[in-house]
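# Descriptive structure summary
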Amino acid sequence: MTKEVAAVENLTLIFDKSYAPALADVSFYLKERESLSLVGESGSGKTSLLRLLLGLLRPSSGKARLFGQPLDGMDEKELRSIRRKCSYIPQDPFGGLPPTLNPLQAVIEPLIITRSNLKDVETEKAKKLLSSLGIEEALWERKLIQGFSGGQRQRIMLARALVTDPELLLADEPTSMQDASTRMDLINLLKAYLKKGMSLIFVTHDLLLAKAMTQRGIVLYRGRVCETGPTDLLLRDPLHPYTKALVSALPKLGKPVEVKVKRKTLPTGFKGCSYFALCPYGFDRCKDLPPLKQLGERSVACFIGDTFQET
Amino acid sequence: MMEVSSLSATYPNGFNAVKRADLNLASGKMLALVGESGSGKSTLIYACLGLLPKGSKVSGKVLFDQIDFLALPQESQRRIRWKKVSLILQGTMNSFTPVLTIKRQFLETMEEHLKLTQREAEAKAAGLLEEVGLDDGFLSRYPHEMSGGQKQRCAIAMALCCDPDYLLADEPTTALDVITQAEIMNLLKSIVRRRNMGMLMVTHDLALASSTADEICVMYQGCTIETERSDVIIRSPKQPHTIALVKSLSMMEE
């Protein structure tokens, strides 16, 4: 049996009781060598999920596991040792890198922290990563992080995350500031690591990127799972109205963008489908919470999602 | 017609960001200026409006309906901005003053450029908000009481407040989710058609440009290397850089 790398079960996260939960009843699992995308707009709970998985946030209810071990009973020391098998790329390249180091120092820093003696081979590895990500050799030891652009910092963050050869990489919008051509370089590098056996949880709001990068995807809206399934199916044949809207709004070469949402004000105390405020189809039944229905390798939380025919 | 010919721009530190760029924008059309970061897109539109930092060198011609903008004295340039041509800055949704209501910010701009009574100005502001899909209740809001998409709509309404013939927009949808981005792009396109306004949009996203703009102009290292109808340029790009851009996107979509 393949090893489980990460899993969450019925995870709920409440920051403030007077607001809707940041995450509600989310479950998923990831096995060795697998890749998974968390897709959704800002505020959908993607980043919180990553932080919960690293034990940086504690859930209000539900369970999270890393490498088969439950996180809830662990103390700080145990958490730290399990985190060493993971790398995390935070979303913000301006807050996520030490500004006063040069790129080479920034990339080998995780090695210094996790290894007692730094071998030459490992410094070579850092250099190789930097050069494959297009950071000029002349700048490695001459320019400080604070002088680099957002896109360059993102690439330095990726090098820093990969240098320890993590078993699991949690990457939060790691290509958001890249131009089209450099983005392909990043994707190809990540794919090479996936081939070597790394597992990946990839946060993005872009379904095309989710498909290019990962096998499976989870679409989240306001903290709830809308739809899960293989990323190529999510893109080609979306079931949930939110996934449909995401797909049609994606700018694709030469195809006009379509807006498939209808913005409504929610009645106070509304407890129904989290997508009701945007859904163009919403009807009376949607004032209850739709269950997540399993349909083979996919699942969808919508009363009409699996039967719905485009007219 | 907005005509830019042989425009060059050099920053005070000597960096030559735009090199003999040419472009033409007709009324009622949307032209997208596409290129990677550092290719000179933003500098080009600031140079068109005389908004580069002091000490920058700009040469070439920028005509708005035959008016030679760069040859005008500063005071006349100032009167043309907003009324003839207005600008939506990158991250413009964060450029509202946090301590003033939206109404106050509209009136400030209109008082400066139009001779309207307060009542007329308020009515006009409400009409503009309606045009971008917001009800007049937003006039009494503060910027922090609005979502990113709502602020962006508001910024567009404000750019229209002196009924300009041309609108220049620098990355008008960055930092918005794809659905809001699609809504804003459709809104801009319908405004361009309805008002028969010319719009120049800077974006790094060729897919977005090709799905909304009528024409695309590709910039590379400060030069405008290829301008073509959107559907044509993605089907048969000619310059090597354009070919590479189209290819890297098609690879994603496969």
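Up top you'll find the structure we're talking about.
Just so you know, these numbers come straight off a predicted model, no measurement behind them.

## What to know about the overall build of chain B
The helix and strand tally for chain B stands at nine helices and ten strands. The C-alpha radius of gyration of chain B comes to 18 Å, within 12% of the 18 Å expected for a compact globule of 254 residues. Counting only C-alpha atoms, chain B reaches 55 × 45 × 35 Å along its principal axes. Here chain B, with 254 residues, has 44% of them falling under the buried criterion. Contacts in chain B between residues at least 24 apart in sequence constitute 65% of all its contacts with a sequence separation of at least 6.

## Some words on the overall build of chain A
Within chain A one finds nine helices and twelve strands. Taken over C-alpha atoms, the radius of gyration comes to 20 Å for chain A, in line with the 19 Å a tight globule of 311 residues would show. Buried residues in chain A amount to 43% of all 311 residues. Sequence-distant contacts, at least 24 apart, represent 62% of the contacts inside chain A between residues at least 6 apart.

## Here's the deal with the sheet that holds strand β4 (residues 57–64) of chain B
Residues and elements named next belong to chain B. Reading across from one edge, β2-β1-β4-β5 is the order of the four strands in this open sheet, with antiparallel pairing throughout. The outermost strands of the open sheet, each flanked by one partner alone, are β2 (16–25) and β5 (67–68). The pairing of strand β1 (residues 2–10) with β4 spans seven bridges and is classified as antiparallel. If you follow A9 over to β4, its bridge partner there is V58.

## Some remarks on the pairing of strand β3 (residues 30–34) of chain B
Within β3(B), five of the five residues are buried, which leaves it mostly tucked inside the rest of the structure. Burial of β3(B) is two-sided: the residues B:M30, B:A32 and B:V34 facing one way and the residues B:L31 and B:L33 facing the other way are all buried.

## Considerations on the sheet that holds strand β12 (residues 298–300) of chain A
What links the strands of a sheet is backbone hydrogen bonding, and the strands pair in either a parallel or an antiparallel sense. Residues and elements named next belong to chain A. With respect to topology, eight strands assemble into an open sheet ordered β6-β7-β8-β3-β9-β10-β12-β11, the strand pairing being mixed. In this open sheet, the two edge strands, each paired with only one partner strand, are β6 (86–89) and β11 (293–295). Sheet twist, expressed as the average angle between the axes of neighbouring strands with direction ignored, equals 15°.

## With respect to the interface of chain B and chain A
Of the residues lining the interface, 29 residues belong to chain B; the matching set on chain A comes to 26 residues. For the side of chain B that touches chain A, the secondary-structure elements that each account for two or more residues are α6 (178–195), α7 (206–212), α8 (230–235) and α9 (240–253) of chain B. Per-class residue counts for the side of chain B that touches chain A are 13 nonpolar, ten polar and six charged.

## Description of the nonpolar core
Core analysis: the biggest nonpolar cluster contains 157 residues, and A:V107, A:A159 and B:L33 have the highest contact counts within it. If one sorts the elements of this core by residue count, α6(B) sits on top with seven residues. Not counting residues up to four positions away in its chain, the partners in contact with A:A159 are A:V107, A:A126, A:L129, A:L130 and A:L133.

## Section: the environment of B:V62
Residue and element names in this part refer to chain B. Examined against the element boundaries, V62 turns out to sit in strand β4. With 22 C-beta atoms packed within 10 Å, V62 lands in the buried category. The spacing of V62 and H241 is 179 residues in sequence and 26 Å in space, taken between C-alpha atoms. Non-local contacts of V62, meaning those with residues more than four positions away in its chain, are made with V4, L7, C48, F69 and L70.

## Considerations on the pairing of strand β8 (residues 198–203) of chain B
Residue and element names in this part refer to chain B. In terms of residue burial, β8 counts as a mostly covered element, since six of its six residues are buried. Pairing geometry for β3 and β8, over five bridges, is parallel. Each bridged residue has a counterpart across the sheet, and for L33 the counterpart in β8 is V202. Note: strand β7 (residues 166–170) against β8, five bridges, orientation parallel. By the bridge assignment, A169 is partnered in β8 with M201. In this fold, the crossover linking β7 to β8 by way of α6 has right-handed handedness.

## Here we look at the environment of A:A161
Residue and element names in this part refer to chain A. For A161, the position within the fold is in helix α5 (residues 150–162). When the C-alpha atoms of A161 and L266 are compared, they prove to be 42 Å apart, with 105 residues separating the residues in sequence. If we skip the residues at most four places from it in the chain, A161 touches S87, I89, P166 and L169.

## Digging into helix α1 (residues 46–53) of chain A
Of all eight residues that make up α1(A), six are buried, and the element is covered over most of its length. Just downstream of α1(A) lies A:G55, where phi reads positive at about 70°.

## Comments concerning unusual backbone geometry
Here the phi dihedral of A:R222 falls at roughly 45°; this positive angle occurs in a residue that is not glycine. The class for A:R222 is buried, based on 21 C-beta atoms found within 10 Å. Although it is not a glycine, B:R20 sits at a positive phi angle of roughly 45°. Mapped onto the elements, B:R20 comes out in strand β2. Residue class for B:R20 comes out partly exposed when judged on the 13 C-beta atoms lying within 10 Å of it.

## Comments concerning the packing of helix α3 (residues 102–113) of chain B against helix α4 (residues 118–131) of chain B
Residue and element names in this part refer to chain B. Running from N to C, α3 and α4 point in directions that differ by 115°, and their axes come no closer than 10 Å. In terms of crossing hand, the pair formed by α3 and α4 is right-handed. Across the interface between the two elements, K103, F106, L107 and M110 from α3 touch Q118, A121, E122, K124 and A125 from α4. Its residues assigned to classes, the contact of α3 with α4 shows five nonpolar, one polar and three charged.

## Here's the deal with the packing of helix α5 (residues 148–159) of chain B against α6(B)
All names here are of chain B. It is the contact of α5 with α6, at a shortest axis distance of 10 Å, that shows an interaxial angle of 15°. By the criterion of interaxial angle, the relationship of α5 to α6 is roughly parallel. The hand of the α5/α6 crossing is right-handed. Counted together, G148, G149, Q152 and I156 of α5 and T180, E183, I184 and L188 of α6 form the full contact between these two elements. Of the residues contributing to the contact of α5 with α6, the split by class is three nonpolar, four polar and one charged.

## Some words on the environment of B:S86
All names here are of chain B. Here S86 shows up in strand β6 (residues 85–88). Assessed through the 25 C-beta atoms surrounding it within 10 Å, S86 is described here as buried. On a C-alpha basis, the gap between S86 and R229 in space is 24 Å, while along the polypeptide they are 143 residues apart. When near neighbours in sequence (up to four residues on either side) are disregarded, S86 contacts R81, A159, C162, P164 and L167.

Reading the values: rules and limits
Residues numbered from 1 in each chain as written. Chains lettered and ligands numbered in written order. Predicted model: local features only at pLDDT ≥ 70, side-chain atom pairs only at ≥ 80, totals over all residues. Helix = DSSP H or I, 4+ residues; strand = E, 2+ residues; numbered from the N terminus. Rg over C-alpha atoms; globule rule 2.2 N^0.38 Å. Buried ≥ 20, exposed ≤ 12 C-beta atoms within 10 Å, placed from the backbone. Contact = placed C-beta atoms within 7 Å. Pairing = 2+ DSSP bridges. Axes fitted to C-alpha atoms, helices over the stretch in contact; angles between N-to-C directions. Nonpolar A, V, L, I, M, F, W, Y, C, P; charged D, E, K, R; others polar. Core = buried A, V, L, I, M, F, W, Y, C linked by C-beta atoms within 7 Å. Right-handed = clockwise from strand over helix to strand, strands pointing away. Left-handed = near helix turned anticlockwise from the far one by under 90°. Parallel < 35°, antiparallel > 145°, perpendicular 65-115°, else oblique.

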